[in-house]
Every structure is written in C-alpha cells, then in structure tokens.
Amino acid sequence: MESLWAQGCMPHFPQLNGDIDTDILIIGGGIAGVLTAYFLHRSGVDCLLVEKDRICRGVTQNTTAKITAQHGLCYHKIVNSRGTEIAQKYLHANQSALETYARLCEQIDCDFERKNNYVYAADRKKLEDEMRALQKIGYPAQWCEDLPLPLKTAGAVMFPQQAQFHPLKFLAKMAENLHIYENTAVREMVGNTAVTNGGRIHAKKVIITTHFPFLNKHGSYFLKLYQHRSYVLALEGAQQVRGMYVDEDQTGLSFRNYGDLLLLGGGSHRTGKKGGNWQDLRVFAGIHYPQVQEVACWATQDCMSLDSIPYIGQYSRNTPDLYVASGFNKWGMSSAMVAAQLLCDLALGKKNEWAEVFDPSRSILRPQLFINGWEAMTNLLTPTKKRCPHLGCALHWNEVERTWDCACHGSRFSEEGKVLNNPANGDLK
C-alpha cells in the first residue's frame, strides 16, 4: 500500500551522532520542514533539520499532490467568520505559493503541469455563496455546469491555471545541500535544546513541522486540531478528467490524472472512527469504470484546524523563539509553501503581511472546538486496555488497515504497537 510517489528518488542523510549547535532547528522532515530549511539555507542562515525516520516518508508521500489556492468552498466561510481583508490575504498567500512552485519547478523534472481546479457540490446554493464571496474579494473564479465526472452535481466553482506535480521528485531536488539528520528522533525539549536519540541540539530558535505539534504544554493544539483519514486508488484504463476535482463535502470524492492513471480519492472519516475507506472507492470504480485495473492504493492523514485555516507562526504567545506549522486541512502542498515563506520571515525577524491570517494564537471559539472536546472526553472515559501514550485516550481497532487508532488526536499504531502517526511520540508499551 505505497503511493505512486514513494518509489525511490529521495536522498539519504546521516543520523546525528553527538551534540551540535545551530541558529535554527527544524523538527520534522515533511514538505513543510524541507521547504522551510530550503528558504532559510538560501538566505544564508545556519539551520538544520531533524527527522525521526526518512524525510518525506510520512504524510507527504501520501498526498494527491494538487497545488491550488482553492481549498474547498472556503472563501465564503472566511469572509463570514473573519472578514473580507483576511480572506483576500489568505487567497494572496496561496496564490503566491502556487507561483513559487511554478518558478522552482522550471528547473526540476517533477511532472509539474498547470491544471484547472474544480470544487463541485450537490447543493447549488453553496456554490453560489462561494461565487459571491470570491467576487467580493476580487477573484475571477468561473462557474461550470458540465463536468466530465460520472456523478450528478449542481455544478462547480473553477480556479484556472492551478497545478499538479510529483512531490518527491520535487523535494529530492529541494533537499540537496541541506543540513539534515534522518533517523534522529526528538525525545524532549529542554528550553531551546532538543534531546534526541543521537545527541543534544542547542538552537537559538526552533521550528516544529511535525504534522501534529508534539509539545502539549504550549498552544493547546490537542484542542485545536483533530485528524482525518482519506484514501486513494490509482486506476489504469479509467478516464482523462482534464483537471483536478474535489467534492465540497470532505467525505466526497476527488479526481485527478497522473499520466494515464486516474487518482480517485475519498472514503474519508475522522481518525479512530469508521468510514468508507478503499471499499467505497472500489465500489464506485466497479460501477463507473468496470474495465479498470487498480495499480496502487494508499491512505493519508490530515490535521484539521478549527476554522479551516492552518496554524503557522509563533507556537504560542509565551514562546517567542518557538514556531509551528500545522493544521493544513486537506491542502498540504500550497499550505506547506505558505508556511515555509512565512516561517522564514518570522524567524529572520521580518514583517510578513500574512502573519495575522495564520496566527496560531487566534480565537479558538469555533463549533469544532466543542466536537473535539467531546471526542476527547468520551475517549478518555472509554474503558479499553489499549491507551494512546499521547494523552491516554482509548484506542480503537481499525480492521481495514490493521492498526490501533486514536479518535482524540489521531495517533495510530501498528498491530504490534509501533507508532505510525503522531502526536504520540513513542510506541505502545
């Protein structure tokens, strides 16, 4: 169950062996960490990155690799909750991310292609509300009625000239010449010193890009985030959809091509809960693409914020030299680039116009907060032998993937107890 992107191509880096000093330490070697290290290195900063396993071998390799500023029907929500100016800045940050990818990919063989992106819906009013919000912030989105998809919709909102690519081919080039240690797990933080399995790292500033932030005593990320799993099939002999498509409902389907393959995504559910997984996708494919061959399947996991906007910036108000990037929802490619550019500026003491949009210390009074709190309370009180070492929640057996999953914060463990997804920072005992 490896993704199409997982085969080869990434460079290897050594394990840390001994104590070391650096100006900026980046913890977490996914796409956000690698891009942040790239921009800091390009700025002449003494920085290093540590990854507990291999870089880009976690959530990053399981993306569908769409690069777009269209994150579902998000702009109507942002205008209503935070105003037109914030919505405009959110749009501009993600457009800038798209164009930065385009410039960097000019010199990299990573299958970068411009594609239109479509968000479709069964409810016409939701699409009309989104179009009005986009008009208000000055973005010329297009309304589309007829889609080349084998399902009924009320139409779609389209962003032209977005992009798709092969993420690991791109990141292999980005990682060249960076100061990286693999197989180097951070066991604890003592001030700005990271205690790892290979030595201590003394840093002036620390940036945490570990998907789900692992420090619990700052920032309340255990309340501000939950995790969502989704599934992908790579199908040979399906169809060319000539664009990138996603349902506005997070439990719906997504479509994009990679060469002759159709990447069909969906089956989503909150981690630790039951969902459609690959079975829903295989049923759909069997009905609509009966002659296809399945050549790969994989699953991914996304950190979901309370208000559909990532947390990028100072880890908390009380940690001036500690930074974070998390809560990318289902839009990790563009959000990772936004995070890298924003964190580079903040770490260098530069002003960035997007900082207030993504400020991790913004209000948490959102309906999702109470859902997260209820899930945590319910699972803390559920009597089971298997408990998550993160905060002690009950673990649930995932029969489809043969894993132990936590519905509180999304940690996952193999059948034998090896940690697969954080925030848990160790295996089951």
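First, a word on what this report is: a plain description of the structure on this page. (Residues numbered from 1 in each chain as written. Predicted model: local features only at pLDDT ≥ 70, side-chain atom pairs only at ≥ 80, totals over all residues. Heavy atoms only, no water.)

## A look at the side chain of Asn257
Step number 1: Residue placement: Asn257 occurs in strand S13 (residues 254-258).
Step number 2: Within polar-contact distance, the side chain of Asn257 engages the backbone oxygen of Gln239 at 2.8 Å.
Step number 3: Within the structure, the side chain of Asn257 is placed 2.7 Å from the backbone nitrogen of Val241, a separation counted as a polar contact. (Helix = DSSP H or I, 4+ residues; strand = E, 2+ residues; numbered from the N terminus. Polar contact = N/O pair within 3.5 Å; in protein donor to acceptor, adjacent residues only side chain to side chain.)

## A few points about the state of the cysteines
What is meant by a disulfide is a covalent connection between two cysteines, made through their sulfur atoms.
Step number 1: Under the criterion given, the structure shown has 1 disulfide.
Step number 2: Paired through a disulfide, Cys393 and Cys408 show a sulfur-sulfur distance of 2.2 Å. Of note, the bridge from Cys393 to Cys408 carries an S-S torsion of about -95 degrees and is left-handed in sense. Here Cys393 is found in the loop between helix H10 (367-381) and strand S18 (395-398), whereas its partner Cys408 is found in the loop between strand S19 (403-406) and strand S20 (412-414), with 15 residues between them in sequence. Taken individually, Cys393 and Cys408 each receive the classification buried, so the pair is uniform in this respect.
Step number 3: Cysteine Cys47 shares no disulfide, and the gap to the nearest cysteine sulfur, in Cys344, comes to 8.6 Å.
Step number 4: This cysteine, Cys74, is not joined by any disulfide, and Cys144 carries the nearest cysteine sulfur, 17 Å off. (Disulfide = S-S within 2.5 Å. Buried < 20%, exposed > 50% of the residue type's maximum accessible area, 1.4 Å probe, protein only.)

## Some remarks on the nonpolar core
A general feature of soluble globular proteins is that nonpolar side chains tend to end up buried together.
Step number 1: Counting 89 residues, the largest nonpolar core has Tyr75, Phe170 and Phe358 as the members making the most contacts within it.
Step number 2: Not counting residues up to four positions away in its chain, the partners in contact with Phe358 are Tyr90, Ala93, Ile309, Pro310, Tyr311, Ile312, Val338 and Leu342.
Step number 3: The next biggest cluster of nonpolar side chains, apart from the first, holds 26 residues, and it includes Ile27, Val206, Leu225 and Tyr311. (Core = buried A, V, L, I, M, F, W, Y, C linked by side-chain atoms within 4.5 Å. Contact = heavy atoms within 4.5 Å.)

## What to know about the pattern of salt bridges
Step number 1: Applying the stated criterion to the full structure yields 21 salt bridges.
Step number 2: For Glu99, the salt bridge is made with Arg114, and the minimal N-O distance between the two is 2.9 Å. Pair noted here: Glu99 is in helix H3 (residues 84-105) and Arg114 is in strand S4 (residues 113-120), with a separation of 15 residues, a long-range link.
Step number 3: On the accessibility criterion, Arg114 (31% relative accessible area) is partly exposed.
Step number 4: Close ionic contact of Lys173 with Glu176 constitutes a salt bridge, the shortest N to O distance being 3.4 Å.
Step number 5: One network of salt bridges, in which partners are shared, links Arg229, Glu401, Asp405 and Arg412. (Salt bridge = Lys/Arg side-chain N within 4 Å of Asp/Glu carboxyl O.)

## Describing helix H5 (residues 167-174)
Step number 1: Counting buried positions over the 8 residues of H5 gives 6, a clear majority of the element.
Step number 2: Within H5, the full set of buried residues consists of Pro167, Leu168, Phe170, Leu171, Ala172 and Met174.
Step number 3: Where the residues of H5 are buried, they touch helix H1 (31-42), H3 and helix H8 (332-347).

## A few points about the packing of helix H2 (residues 74-82) against helix H4 (residues 124-137)
Step number 1: At a minimum axis separation of 7 Å, H2 and H4 run at an interaxial angle of 65 degrees. For H2 against H4, the interelement crossing comes out left-handed. Contact with H2, carried on its side by Cys74, Tyr75, His76 and Val79, involves Asp129, Glu130, Ala133, Leu134, Lys136 and Ile137 of H4 and no other residues of that element. (Axes fitted to C-alpha atoms, helices over the stretch in contact; angles between N-to-C directions. Left-handed = near helix turned anticlockwise from the far one by under 90°.)

## Some details on the sheet that holds S19
Step number 1: Judged by pairing direction, the sheet is antiparallel, and its 4 strands sit side by side in the order S18-S19-S20-S21 without closing on themselves. A single partner strand is all that each edge strand has here, and the edge strands are S18 and strand S21 (419-421). Pairwise comparison of adjacent strand axes, ignoring direction, gives a mean angle of 30 degrees for this sheet.
Step number 2: Sheet topology note: the S18/S19 ladder contains 4 bridges and is antiparallel. (Pairing = 2+ DSSP bridges.)

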